[in-house]
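Close look at the chain arrangement
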Amino acid sequence: MLEFKNVTKQFETVTAVKNVSFTVNDGEVLGIVGRNGSGKSTIFRMILDLIEPTEGEITFNHNEITTSVLDRFGYLPEEGSLLNQYTVLDICEYYASLKLMPKSEILKSLKEWLAIFHMEDLLTMKVKKLSKGNRQKIQFIISVLHNPDFIILDEPFSGLDPVSVEELEKAILTLKSQGKTIIFSSHIMNHVENLCDKILLINRGEALLQGDLQEVIRNYKINGEPVHSLNDIFIDKVGEAL
Amino acid sequence: MNNRKVKEIIKFSFYKDLQNKWFIIFNVITLVSILILMNFTKISSLLHFGNEDDIFEIVVLDNSNLIYGNVSSKLLENEGFSVSRITENTYTADNIPDDFVIIEATPDEEEMIQFSVISKEGIQGSKYEKLLEAMSYARNMMFADRYGISEEELAVFQSDLKIDRVMLSVDAEDSNSKEYVKLLSSALTYLIATLIFSKLSNEIAQEKQSKSSEYILTTVSAKEYLFAKIFSNVAIVVIQGILLMMYYYIAMLLSSVFTIATTDISLSASVLSSALSMDMVIYILTVILYNILNIILLCIIQATLAAKTASTSEAGNTMSLVLFIMVIAYVVSSTVIDPYTKVNSLLAIASCLPLLSAFFIPALMVIGQCSIWQIALSLILLIVSIPFAFHFCAKFFKNGILDYTRLKKKRSASEDKEKKLEKYLVKRKMKELGFVVGLSILIYVGVQTIFSLIGSFTLGTLFENIYTETEISLIMQVLLQALSLGLASIFVLAYCNKHSLTVSRRTMTVSKSEKVKIVLIALFLVFALQIVLSILLYPSLGLDYDITDMFEVTSESSLLSKLMLVFTLAVTPALFEELFFRKAMINFTSQYGRKFALVFSALLFGIIHMNLSQGLFAFIMGLILGGIYLYTGDIKLTMLIHFLNNGFAALAMILPEIWMVIVSIILFAVLIAGFVFFIQAFVEKTSRAKILSLCKTKVSLKSLERYKYVFADYTFDISAILVVLMSILTEHLLR
């Protein structure tokens, strides 16, 4: 269980995150939605101990998040982390071994995942030759290769064609059914609606709306009228806050 | 520290470098090259590249019978030489064979004997050496015979003086060898450091750019990552170094295979091993230890700096910085610590400090003024500083790598955005100003510097016997001014052309008669100004030095000198200074406002003279000329005025008295006319109003504030610093 309690992050001239709190229980999927530059990535970086919060506390199973805790985490960074001159196999082995995955298991797990995305022949291809979508998928595989319990995906669907989007959605649902906890960010509401149990709507560092997805949609009214999609809620809420 | 993860990062780095095809290629080529180069003569003889089979024929022309016997006996000690005697040299370029040398010996009063070595073309180095050996031997034997000395006694006389140097209160054994070791080790350390730093900084910059380091920092701590990077890069360079040493050793083995004599094998070891005392061994080991620790410490600093950069090229600059610090530390240690230094307590303390000790301690050991406590203390400090630096720098390293500076943009309300945009545009405009002005000044100063360096010796030798020194220096002055100002003007004018900047055209053109009046008024003002300044103001400020004293040209000098003087003082300044300071500068700066353009161009004109007396006059004259250019748009007027003003000073130097009087009378008449028109202009209402409106300047502090952004441009800063420095020096020299 991840607890994000009253966290604020103040940079020199801007407050990226203002007093945000949320909890993610085991096996849940949380979707963080917000406009570009609203603070989503900052939240992830604070969870991953890349940035220190100015105020507040972040705990995992009531413990501080240390490097050994992070070994059980998976992370798909927004801007990718691939090195061009290596092959897919090399880079996946490298990153997985940094998560203390035994070498013998890496290849096996990698092949399985590549099969799920129908990318088996990319195993020995150099990263620089991959298309953007394929890079994104490899990036995703890296984040789940070591069988983490907690997965953070920062804009996982960016750059993916519709078929790949479906594959990724299926993968996430499979992981969820395996009891993994997942947080991901997106600004395409369809994905969030299909996958999430909880949502957190963030704008300019402030949490505008959060809670159980179905409840949120049910209880939200625009001018007294009920809404049917998260998209409408997003535009209404964020438009209002502007 | 999580060992397994650190090992993985190190292994991955290794894999990248050692499995790289370029690494293999480099090592193979290096190995082959070293093998060939060190055994070149043997290999070329094997492949019959040289004409080793041919006999090298030497004939000796020694009609005074001084040296033939000794030369031939010495030469014939070598294989492949034949020596015979001739009585006359009948060889010319047409009939002299290849591989043929004539040695001519003639007695000489001072040198005892004078040798000539004649051949068709060049002679192979090794063969020439043998000829020298033989001729030198022959001369020595001549000397020995003449004065009845034996060969052995002569050898003693020719050998180096053997001195036993004893320093009673200082323990400086083998100072010279230690100095040599220190020099050698410093050079080697510098080379190795260059390699390590460049690899390290590049790798860090690359991983930062690809965001791979961000991901890695979610798996390991910053300290672990930093350690792994430094370790892997140091290790790779060490491995490469060991490989190179192995190649050298293999080459040595190969050469010993070629040579019959087996004493050559131990060449590398024997250089120092024959005379190594325990003290020397300790010294060498100490120096190595210090250098290793120092490099590790510097690696931490280098890595942290590289983490702060945004690209691999910037990372390269940080490497230059760190290397430069090493050079400075070495130079300081060599200068401050020499055999005459008395080590005071400040120096003793400074030499124990971590970054300095690697340079200072070996230097102190050379002069025997280093106690065991200093060594112990400095080593402890150095060793302790490494984990301390790791801990301290890790945070900066992490922040540098992650670099979430995008979030520093202020997200502000819309009205702030307007102001922000405006501020940004103003800043950009000012930077443009700084850039164009700064670069043109740099061109001006740069061309002057380069041209005077090159010109002084090329022109000097070129015209050595044609013109006198004064003439040459005057010619150079003319060319110098024309080139430097010309190029600077071309730059600014081309820039104006590209961006369509011109001085705003007046709607009414100025009539010819008005132009004439303007010229006359201007002449009056300029001369009046000169008189006022030189008689009234300058003496009281101590600024009454005469610049024209620099040129030693009088009415007695040659026509060319006089002509060149006129060019130097009048023609080129009039042409090119007007071109640059008025046309180019005003055209460019008028986009910032006409008043600004006027004042700025005059200010620049004043400053560039680099001394107060000329500068002040130039500033005011610049205002006058600038005003005329802005009013009329005609640069030829200002050129004319400038020419006449400077020309008078030039004429005063070169014309004989009578002529000077005539010229002065003409000038006086002109000035009177100018004075009259000047008064007229004041009296007449419309022109007075015009003049007064020009003088009224609304200068608010706020509008001046924006000019501070000019300093945001680095070209401007550099040129400003250079000009200030040169002005201070020039002013000082003139006084």
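Residues numbered from 1 in each chain as written. Chains lettered and ligands numbered in written order. Predicted model: local features only at pLDDT ≥ 70, side-chain atom pairs only at ≥ 80, totals over all residues. Heavy atoms only, no water.

Comments concerning the overall build of chain B
- Per the secondary structure count, chain B includes 26 helices and four strands.
- Burial statistics for chain B: of 735 residues in total, 40% are counted as buried.
- Counting contacts in chain B only where the partners sit at least 6 residues apart, residues at least 24 apart contribute 77% of the total. (Helix = DSSP H or I, 4+ residues; strand = E, 2+ residues; numbered from the N terminus. Buried < 20%, exposed > 50% of the residue type's maximum accessible area, 1.4 Å probe, protein only. Contact = heavy atoms within 4.5 Å.)

Description of the pairing of strand E4 (residues 55–60) of chain A
Residue and element names in this part refer to chain A.
- With five bridges joining them, strand E1 (residues 2–10) and E4 adopt antiparallel strand pairing. Each bridged residue has a counterpart across the sheet, and for Lys 5 the counterpart in E4 is Glu 57.
- Bridge analysis of E4 against strand E5 (residues 63–64) gives two bridges, and the strand direction is antiparallel. Bridge pairing in E5 links Phe 60 to Asn 63.
- As consecutive antiparallel partners, E4 and E5 are separated by two residues, and within that stretch Asn 61 has a phi angle of approximately 50°, a positive value. (Pairing = 2+ DSSP bridges.)

Details of helix H1 (residues 40–47) of chain A
Residues and elements named next belong to chain A.
- Counting buried residues in H1 gives eight out of eight residues, a clear majority hidden from the surface.
- Along H1, the residues classified as buried are Lys 40, Ser 41, Thr 42, Ile 43, Phe 44, Arg 45, Met 46 and Ile 47.
- One or two residues past the end of H1 sits Asp 49, with phi positive at roughly 65°.

Re the domain arrangement of chain A
Residues and elements named next belong to chain A.
- What the domain assignment lists for chain A is domain 1 (1–72 + 149–161 + 180–242) and domain 2 (80–148).
- Once you take the C-alpha centre of each, domain 1 and domain 2 turn out to be 27 Å apart.
- Counting from both sides, the interface comprises 14 residues of domain 1 and, opposite them, 13 residues of domain 2.
- Contact between domain 1 and domain 2 buries roughly 990 Å² in total, counting both sides, with carbon and sulfur atoms accounting for 49%.
- One can count zero salt bridges joining domain 1 with domain 2.
- Across the contact surface, domain 1 and domain 2 share six residue pairs in polar contact (both at pLDDT 80 or more).
- Residue contributions to the side of domain 1 that touches domain 2 peak at three residues, all from strand E7 (residues 150–154).
- Partitioned by chemical class, the residues of the side of domain 1 that touches domain 2 number seven nonpolar, two polar and five charged. (Domains from an automatic or database assignment. Buried area = accessible area lost by both parts, 1.4 Å probe. Salt bridge = Lys/Arg side-chain N within 4 Å of Asp/Glu carboxyl O. Polar contact = N/O pair within 3.5 Å; in protein donor to acceptor, adjacent residues only side chain to side chain. Nonpolar A, V, L, I, M, F, W, Y, C, P; charged D, E, K, R; others polar.)

Digging into the environment of Val 599 of chain B
Residue and element names in this part refer to chain B.
- With respect to the helices, strands and loops of the structure, Val 599 is situated in helix H20 (residues 594–608).
- Between the C-alpha atoms of Val 599 and Leu 644, which are 45 residues apart in sequence, the distance is 23 Å.
- Setting aside residues up to four positions removed in sequence, Val 599 forms contacts with Phe 619 and Leu 623.

Points about the interface of chain A and chain B
- Listed per partner, the contact involves 37 residues of chain A and 30 residues of chain B.
- For the pair chain A and chain B, the summed buried surface comes to about 3,300 Å²; carbon and sulfur atoms form 57% of the total.
- Per-residue buried area on chain A facing chain B is highest for Leu 50, Tyr 94 and Leu 98 of chain A; these three make up 20% of the total on that side.
- Here chain A and chain B share four salt bridges between them.
- Here Lys 211 of chain B and Glu 79 of chain A are joined by a salt bridge, their closest N and O atoms 3.8 Å apart.
- Across the chain A-chain B interface, the total number found is seven residue pairs in polar contact (both at pLDDT 80 or more).
- For the side of chain A that touches chain B, the secondary-structure elements that each account for two or more residues are H1, helix H2 (67–70) and helix H3 (88–97) of chain A.

Topic: the packing of aromatic side chains
- What the rule picks out here adds up to 34 aromatic pairs over all chains.
- Pairing Phe 60 of chain A with Phe 73 of chain A gives two aromatic rings, centres 5.0 Å apart and planes at 70°, and the pair type is edge-to-face. Highlighted residues: Phe 60 of chain A in strand E4 and Phe 73 of chain A in strand E6 (residues 73–76), separated in sequence by 13 residues. The same class applies to Phe 60 of chain A as to Phe 73 of chain A, namely buried.
- Where Tyr 95 of chain A meets Tyr 215 of chain B, the ring centres are 4.7 Å apart and the plane angle is 55°; that geometry is what we call tilted. Taken together, the residues Tyr 95 of chain A in helix H3 and Tyr 215 of chain B in helix H8 (residues 212–216) connect one chain to another.
- Looking at Tyr 95 of chain A, the relative accessible area reads 1%, which means it is buried.
- A residue is classified by how much of its surface remains accessible, and Tyr 215 of chain B, at 1% relative accessible area, is buried.
- Within the aromatic cluster, the residues linked to one another by ring pairs are Phe 435, Phe 491, Tyr 495, Phe 588, Tyr 592, Phe 596, Phe 600 and Tyr 707 of chain B. (Phe/Tyr/Trp six-rings, centres within 6.5 Å; stacked < 30°, edge-to-face > 60°.)

Focus on the nonpolar core
- The biggest cluster of nonpolar side chains holds 155 residues, and the ones touching the most others in it are Leu 2, Phe 22, Ile 47, Ile 91, Phe 140 and Ile 183 of chain A.
- At 14 residues, helix H11 (residues 278–307) of chain B tops the list of elements feeding residues into this core.
- Within the second largest apolar cluster, 33 residues are counted, among which are Tyr 444, Leu 501, Phe 580 and Tyr 709 of chain B. (Core = buried A, V, L, I, M, F, W, Y, C linked by side-chain atoms within 4.5 Å.)

Let's talk about the sheet that holds strand E2 (residues 81–86) of chain B
Residue and element names in this part refer to chain B.
- Taking strand neighbours across the sheet as the criterion, the four strands line up as E2-E1-E3-E4 in an open arrangement whose pairing is mixed. For this open sheet the edge positions go to E2 and strand E4 (112–119), each flanked by a neighbour on one side alone. Between one strand and the next, the sheet's axes are offset by a mean angle of 25°, whatever the strand orientation.
- Bridge count for strand E1 (residues 56–61) against E2 is six bridges, and the pairing is parallel. Bridged to Glu 57 within E2 is Ser 82.
- Most of the contacts of helix H4 (residues 68–75) go to E2, to which it runs at about 165°, and overall it touches E1, E2 and strand E3 (100–108).
- Along the sheet face, helix H5 (residues 125–147) touches E1, E2, E3 and E4 and points at about 160° away from the line of E4. (Axes fitted to C-alpha atoms, helices over the stretch in contact; angles between N-to-C directions.)

Some words on the domain arrangement of chain B
- Here chain B is described as being made up of domain 1 (3–35 + 176–402), domain 2 (56–158) and domain 3 (425–502 + 511–734).
- Domain 1 of chain B and domain 2 of chain B are separated by 51 Å when their C-alpha centres are compared.

Some words on unusual backbone geometry
Residue and element names in this part refer to chain B.
- Residues other than glycine seldom take positive phi values, yet Lys 211 does so here, at roughly 65°.
- Mapping Lys 211 onto the fold places it in the loop between helix H7 (175–209) and H8.
- Relative accessible area serves as the criterion here: at 17%, Lys 211 is assigned to the buried category.
- The phi dihedral of Ser 500 falls on the positive side, at around 55°, and the residue is not glycine.
- Position of Ser 500 among the secondary structure elements: in the loop between helix H17 (469–498) and helix H18 (512–541).
- Look at Ser 500 and you get exposed, because its relative accessible area is 62%.

Let's talk about the pairing of E6 of chain A
Residue and element names in this part refer to chain A.
- Covered by surrounding structure in E6 are Phe 73 and Tyr 75 together with Gly 74 and Leu 76, the residues of both alternating faces.
- The pairing of E6 with E7 spans four bridges and is classified as parallel. Bridge pairing in E7 links Leu 76 to Leu 153.

Remarks on a nonpolar patch on the surface
Residue and element names in this part refer to chain B.
- A cluster of nonpolar residues, Met 278, Val 281, Ile 282, Leu 285, Ile 288 and Ile 292, forms a patch on the protein surface that exposes about 560 Å² of accessible area.
- If you trace the backbone, Ile 282 turns up in helix H11.
- Overall, the relative accessible area of 43% leaves Ile 282 in the partly exposed class. (Patch = residues over 30% accessible without salt bridge, like charges linked within 9 Å, V, L, I, M, F, W, Y side chains within 5 Å. Areas by Shrake-Rupley, 256 points an atom, 1.4 Å probe, with all protein chains shown as cover.)

Remarks on the pattern of salt bridges
- Across all of its chains, the model carries 24 salt bridges over all chains by this definition.
- Taking the shortest distance from any N to any O, the salt bridge between Lys 18 of chain A and Glu 206 of chain A comes out at 3.8 Å. One end of the pair, Lys 18 of chain A, is in strand E2 (residues 15–24); the other, Glu 206 of chain A, is in strand E10 (residues 206–212), and 188 residues separate them in sequence.
- The exposure class of Lys 18 of chain A is partly exposed, given its relative accessible area of 34%.
- The exposure class of Glu 206 of chain A is partly exposed, given its relative accessible area of 38%.
- When the shortest N-O distance is used, the salt bridge between Lys 199 of chain B and Asp 17 of chain B registers 3.1 Å. You can see Lys 199 of chain B sitting in helix H7 and its partner Asp 17 of chain B sitting in helix H1 (residues 3–18), a full 182 residues away along the chain.
- One salt-bridge network, held together by shared partners, links Lys 16, Glu 203, Glu 207 and Lys 229 of chain B.

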